[in-house]
Amino acid sequence: MAATAASTALKRLDLRDPAALFESHGAEEIRGLERQVRAEIEHKKEELRQMVGERYRDLIEAVDTIGQMRRCAEGLVGAVKATDQYCARLRQAGSAAPRPPRDPQPQQPSQEKFYSMAAQIKLLLEIPEKIWSSMEASQYLHATQLYLLCCHLHKLLQLDSSSSRYSPVLSRFPILIQQLAAASHFRSAILHESKMLLTCQAVSDQAVAEALCSVMLLEDSSPRQALADFLLARKAAIQKLLNQQHHGAGVKSQICSLVELLATTLNQAHALFYTLPEGLLPDPSLPCGMLLSTLDNVTGQHPTGKGIGVLQEDMKLCSWFKHLPASVVEFQPALRTLARPISQEYLKDTLQKWIHMCNEDIKNGISNLLMYVTSMKGLAAIRDAMWELLANESIHHSWDVICRRLLDRPLLFWEDLMQQLFLDRLQTLTKEGFDSISSSSKELLVSALRELESSTSSSTSNKHIHFEHDMSLFLWSESPSDLPPDAAWVSVSNRAQFPGSGLSMKAKAISPCVQSFCSALDSKLKVKLEDLLAYLPSGDPSPPKDVSPAQARHCAFDRYADAGTVQEMLQMHSAACVGHITDCVQAELQSIQQAVQGQQDAPDGVQLHSVLFMARLCQSLGELCPHLKQCILGKSGSTEKPARDSRALKKQGKGKTQEIIPMQAKWQEVKELLLQQSVMGYRVWSSAVVKVLAHGFTQSLLLDDAGSVLATATSWDEVEIQEEAESGSSVTSKIRLPVQPSWYVQSFLLSLCQEINRVGGHALPKVTLQEMLKSCVVQVVAAYEKLSEEKQVKKEGAFPMTQNRALQLLYDLRYLHIVLTTKGEEVKSGRSKQDPRVEKVADHLEALIDPFDLDVFTPHLHGNLNRLVQRTSVLFGLLTGTENQFTPRSSTFNSQEAHNILPLASSQIRFGLLPLSMTSTRKAKSAGRSIETRAQAAIR
């Protein structure tokens with residue numbers, strides 16, 4: 001017990017470090033450790049001595065045994081030498097003794113019969129080895145001949161009779177009993193191996209013919225039965241090939257092996273069973289009737305020894321071969337019934353039934369195999385490998401002639417068997433791929449909306465989320481990606497169609513969140529499109545180098561015959577994917593719209609940010625996802641020229657009707673669907689913004705106490721006018737007229753512009769801006785109508801409607817109507833059409849002004865209004881629009897504006913005060929006159 005504990009302690013110690021040992025133990029402990037180590041050493045020595053002693057005893061015993069074996073072998077060799085010497089002495093003594101006289105005649109028949117039987121028994125004993133050798137060499141016909149010869153010998157020796165157990169031959173030669181038992185298994189073994197060879201496709205026609213002959217000789221069947229056995233074996237080979245479980249490249253090899261097996265089966269059926277009609281010369285390159293010719297060579301009456309030709313070479317030198325009887329030497333296998341050729345009608349009918357029977361198995365098997373192919377590239381690789389296989393000369397040599405002889409029609413492997421299965425799998429893969437893209441896009445959209453909603457509560461939210469809250473932060477921020485890296489040395493015309501630079505995104509008011517969403521969607525579409533394009537024809541559809549054009553044209557199938565179907569499939573699923581995304585956007589917009597409409601106060605800003613994100617997303621999806629366009633337009637979408645080239649083409653072809661390609665029409669439908677959802681999103685935002693601003697405007701307008709009226713009033717301008725007195729002299733007087741709108745009007749317009757600028761107003765759809773302005777006009781007019789109704793009812797403490805206030809309100813109304821009214825239709829028609837509601841309110845306000853004063857004020861009000869609109873056209877440029885071009889002040893020079901020396905530009909919006917040369921004033925006169933007439937009509 002102590003020794004065991006000590007040994008365990010020694011194992012735990014590290015005795016290789018003496019310094020550490022002396023540091024951790026005292027002298028007595030170290031002496032104790034030394035004694036323990038020495039005890040362990042002695043113990044190990046004793047174990048080694050015992051082990052060496054035991055092995056030494058075993059070694060000595062082995063040496064003794066070897067010596068005994070050597071002595072035994074030497075004795076045996078000596079005995080053999082003594083026997084040999086004794087036999088030699090006997091031969092010498094026999095040759096020296098006189099021979100007795102021979103009696104040739106009396107014992108010759110019995111001796112010859114005995115030698116004949118001995119020779120037959122000798123041959124019978126050697127046949128099994130020859131049969132096994134032939135079977136190992138796959139020479140099944142030769143093995144069949146030997147087996148039938150063996151059966152013939154059994155009959156000659158009477159070994160297979162009913163009294164075989166009492167046969168004198170078996171009683172004298174008991175070894176033949178084992179021979180009979182071994183020979184009984186040869187028939188089943190040869191049949192099994194022959195039928196197994198029929199299932200192999202990589203065998204020659206001659207080997208198949210010999211295997212069928214073996215089956216016919218062993219089963220005594222007819223050529224029709226041989227045809228049935230051949231086709232059943234090939235059907236089993238097809239099922240075995242289809243049931244193998246392989247993945248990836250294994251599927252391609254299986255399908256190619258299947259096609260090769262079908263082609264080989266028909267070729268071998270023609271070579272084995274087809275017989276030429278009388279009068280036609282055989283074609284050396286197209287063999288036929290090999291089964292009957294091989295069978296005739298085996299069973300026909302030919303020169304002696306035809307049936308045992310292989311043994312004849314080996315045994316003709318043997319001394320006993322000459323004693324074999326003639327029935328053995330000239331043995332020929334024979335059929336009980338005459339083998340008749342198969343008629344062409346029966347052969348055609350049988351092969352057509354076989355193809356119809358295999359058709360369902362092939363389709364089911366290939367469908368199951370294609371389930372393991374998970375990409376269009378894999379399908380294309382299988383199709384191309386099959387095309388190269390069918391275009392090969394070895395398979396398609398005289399293929400049309402063979403099909404016409406055997407089936408009366410061509411057998412199209414691709415069109416009849418494979419094409420629809422490949423299209424079905426392609427449909428499944430495409431649907432699964434785009435469903436995955438749709439679901440991932442929906443998840444990405446929902447996560448982006450959730451991130452927008454949660455960004456307000458998180459102070460450390462992403463910078464890009466702040467850009468969604470205020471687009472102006474993104475538009476006026478600088479980043480290294482604003483310019484493309486090749487902007488310094490590559491011209492605009494030579495750049496890519498979609499450079500994706502920061503400035504281009506800012507010019508289109510596409511936020512980073514929208515860019516990331518579109519980039520993620522486009523990358524997924526790119527992967528799916530590249531995968532699918534591998535199935536479609538490339539730019540250079542040339543055949544492989546090892547296939548000649550003639551072979552590719554006459555032998556192989558058209559690989560890209562279904563390209564149109566595939567492109568329609570791609571277009572349909574791409575449009576469905578976009579429709580799924582727009583449906584999700586529409587559902588989100590409807591839920592937000594219902595929530596916003598139910599709110600009486602200001603709407604939730606987070607909801608409006610989500611609405612704007614979805615509106616920008618739908619607006620930019622078609623442009624930032626070029627692969628979506630390519631999916632719908634096909635390969636023509638990737639080769640389109642940039643938009644600037646298309647404009648030039650439109651100018652050249654102006655006035656000519658152009659046909660609309662169906663794919664282009666589908667792309668237009670997709671763009672219209674996206675634009676519709678975008679406009680719907682902007683409409684939700686604009687209605688909420690207009691509702692809030694119009695509510696504040698209405699409240700300010702309806703304040704009728706004196707303090708509120710004075711707080712919203714602006715300074716008026718004094719104008720000197722000359723009037724003719726009753727005496728005929730001119731009298732100069734001063735009148736005061738408004739030159740600025742009220743503060744709440746300016747605040748309303750400025751807030752409206754700020755809201756539009758905050759969302760990137762320069763990129764808003766024109767329809768959205770026009771709807772927004774129309775809504776503003778409706779709300780403003782409703783506010784003035786409400787004011788008119790309230791003023792008709794007198795209230796205590798209310799500030800009376802004076803002439804000056806009515807004049808200011810009229811000035812405000814005319815100004816708002818000019819700024820907020822969309823000018824597109826007016827410019828096209830050349831005249832302005834007044835809103836009856838505006839005219840009704842204006843008439844009510846004019847009725848509060850003295851008619852004589854109104855006639856005096858109207859021309860000056862018109863001038864003030866015209867100048868005000870020109871001055872604020874830049875400030876409120878997003879509201880006035882590109883079509884609100886006012887008259888340059890060069891046409892209305894007066895002494896008060898002597899500083900205007902150069903004419904001002906009439907075609908610049910953002911820089912309306914930019915001076916230009918006099919050549920631009922002529923173009924501005926016509927536009928100026930139309931604007932003046934519209935403004936005068938508005939005043940009146």
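Residues numbered from 1 in each chain as written. Predicted model: local features only at pLDDT ≥ 70, side-chain atom pairs only at ≥ 80, totals over all residues. Heavy atoms only, no water.

Student: What is the right way to read the overall build of the protein from this model?
Tutor: Summing up its helical and strand segments, the protein has 37 helices and two strands in all. Each of the 940 residues in the protein was classed as buried or not, and the buried ones make up 41%. Looking at the protein alone, contacts between residues at least 24 apart form 79% of all its contacts between residues at least 6 apart. Split by element, the accessible area of the protein, about 53,200 Å² in all, is 55% carbon and sulfur. (Helix = DSSP H or I, 4+ residues; strand = E, 2+ residues; numbered from the N terminus. Buried < 20%, exposed > 50% of the residue type's maximum accessible area, 1.4 Å probe, protein only. Contact = heavy atoms within 4.5 Å. Areas by Shrake-Rupley, 256 points an atom, 1.4 Å probe, with all protein chains shown as cover.)

Student: Got a minute to help me understand the side chain of D562 in this structure?
Tutor: Inspection of the secondary structure assignment puts D562 in the loop between helix 23 (549-554) and helix 24 (563-597). Despite its burial, D562 pairs with no opposite charge, the nearest such side chain being R383 at 4.9 Å. When near neighbours in sequence (up to four residues on either side) are disregarded, D562 contacts W414, Q419, L423 and Y535. (Lys, Arg positive; Asp, Glu negative; His and termini not counted. Salt bridge = Lys/Arg side-chain N within 4 Å of Asp/Glu carboxyl O.)

Student: Is there a simple way to explain the packing of aromatic side chains in this structure?
Tutor: Given two aromatic rings, one states the distance between the centres and the angle between the planes to describe the pair. All chains considered together, the criterion is met by eight aromatic pairs. With centroids separated by 6.1 Å and ring planes inclined at 50 degrees, the aromatic side chains of F114 and Y115 adopt a geometry described as tilted. Arranged with centres 6.2 Å apart and planes meeting at 55 degrees, the rings of F697 and Y784 form a pair that is tilted. In this pair, F697 sits in helix 28 (residues 662-702) while Y784 sits in helix 31 (residues 766-792), placing the two residues 87 residues apart along the sequence. Judged on exposure class, the residue F697 and its partner Y784 are both buried. Aromatic ring contacts, followed pair by pair, group F697, Y744, F748 and Y784 into a single cluster. (Phe/Tyr/Trp six-rings, centres within 6.5 Å; stacked < 30°, edge-to-face > 60°.)

Student: Is there a simple way to think about a nonpolar patch on the surface in this case?
Tutor: A cluster of nonpolar residues, Y56, L59, I60 and V63, forms a patch on the protein surface that exposes about 390 Å² of accessible area. Mapped onto the elements, L59 comes out in helix 3 (residues 27-96). (Patch = residues over 30% accessible without salt bridge, like charges linked within 9 Å, V, L, I, M, F, W, Y side chains within 5 Å.)

Student: Please clarify how the pattern of salt bridges should be interpreted in this entry.
Tutor: Between side chains of opposite charge, a pair can form when the charged atoms approach closely. For the coordinates displayed, the defined rule picks out 18 salt bridges. Salt-bridge contacts for R736 lead to E718; the nearest nitrogen and oxygen are separated by 3.0 Å. Residue R736 is found in strand 2 (residues 730-738), and its partner E718 is found in strand 1 (residues 716-724); the two are separated by 18 residues along the sequence. Across the salt bridge formed by R814 and E839, the nearest N and O atoms sit 3.3 Å from each other. Remark: E839 occurs in helix 34 (residues 836-846) and R814 occurs in helix 32 (residues 803-820); sequence separation between them is 25 residues. Comparing R814 with E839 shows no difference in burial state: the two are buried. Three or more residues joined by partner-sharing salt bridges are found here, namely R383, D384 and R559.

Student: Just to check I follow, could you spell out the environment of E623 for this structure?
Tutor: Mapped onto the elements of the fold, E623 is located in helix 25 (residues 605-624). For the pair E623 and K671, spaced 48 residues apart in sequence, the C-alpha to C-alpha distance is 9.5 Å.

Student: Can you walk me through the packing of helix 30 (residues 743-758) against helix 31 in this structure?
Tutor: How two helices pack is summed up by the angle between their axes together with the distance between the axes. Between helix 30 and helix 31, the shortest axis-to-axis distance is 13 Å and the interhelical angle comes to 155 degrees. As judged from the angle between their axes, helix 30 and helix 31 are roughly antiparallel. Our pair here, helix 30 against helix 31, has a crossing hand that is right-handed. In contact with V745, F748, L752 and I756 of helix 30, helix 31 contributes L769, M772, C776, V780 and Y784. A breakdown of the residues in the contact of helix 30 with helix 31 according to their chemical character gives nine nonpolar, no polar and no charged. (Axes fitted to C-alpha atoms, helices over the stretch in contact; angles between N-to-C directions. Parallel < 35°, antiparallel > 145°, perpendicular 65-115°, else oblique. Left-handed = near helix turned anticlockwise from the far one by under 90°. Nonpolar A, V, L, I, M, F, W, Y, C, P; charged D, E, K, R; others polar.)

Student: I would appreciate a short explanation of the side chain of Q677 in the present structure.
Tutor: By secondary structure assignment, the location of Q677 is in helix 28. The contact partners of Q677, leaving out residues within four places of it in the chain, are T582, Q586, L589 and C618.

Student: What exactly am I supposed to notice about the environment of W667 here?
Tutor: On the secondary structure map, W667 appears in helix 28. Taking relative accessible area as the criterion, W667 reaches 3% and is therefore assigned buried. For the pair W667 and L628, spaced 39 residues apart in sequence, the C-alpha separation works out to 9.4 Å. If we ignore the near neighbours within four places in the chain, the residues touching W667 are G622, L628, K629, I632 and L633.

Student: Looking at this structure, how should I read helix 22 (residues 512-533)?
Tutor: Think of an α-helix as 3.6 residues a turn; residues three or four steps apart then line up on the same face. With 22 residues, helix 22 should reach 32 Å at 1.5 Å per residue; the first-to-last C-alpha distance of 30 Å fits that figure. Within helix 22, burial applies to P512, C513, V514, F517, C518, L521, D522, L525, K528, L529, D531 and L532. (Expected span 1.5 Å × (residues − 1).)

Student: Help me out: how do you make sense of a negative patch on the surface in this one?
Tutor: Together, E54, D58, E61 and D64 make up a region of like negative charge exposed at the surface. Of note, E54 is situated in helix 3. (Charge placed at Lys NZ, Arg CZ, Asp CG, Glu CD.)

Student: Whenever I open this one, unusual backbone geometry confuses me. Can you help?
Tutor: What is expected of a backbone is that most residues other than glycine have negative phi and most peptide bonds are trans. Located in the positive-phi region is S138, a residue other than glycine, with phi close to 60 degrees. Looking at where S138 falls in the secondary structure, it is placed in the loop between helix 4 (108-136) and helix 5 (140-156). Residue S138 is classed as partly exposed on the basis of its relative accessible area of 40%. Of note, the phi angle at D408 is positive, near 65 degrees, even though the residue is not glycine.

Student: When you look at the confidence of the model for the protein in this model, what are you seeing that I'm missing?
Tutor: Should the pLDDT be low somewhere, the predicted coordinates at that spot are not to be read in detail. Of all residues in the protein, 76% have pLDDT values of 70 or greater, and the mean over the chain is 77. This stretch, residues 639-658, has a pLDDT under 50; its non-local contacts, to residues over four places away or in other chains, come to ten contacts. (pLDDT = per-residue confidence, 0-100.)

Student: What exactly am I supposed to notice about the packing of helix 8 (residues 186-198) against helix 9 (residues 205-219) here?
Tutor: Contact geometry of helix 8 with helix 9 gives a least axis separation of 9 Å together with a crossing angle of 145 degrees. Considering only the axes of helix 8 and helix 9, their crossing is left-handed. Taken together, the residues of helix 9 that come into contact with helix 8 (itself represented by R187, I190, L191, S194, K195, L197 and L198) are A207, V208, A211, L212, S214, V215, L218 and E219. Here the contact of helix 8 with helix 9 is composed, by residue class, of ten nonpolar, two polar and three charged.

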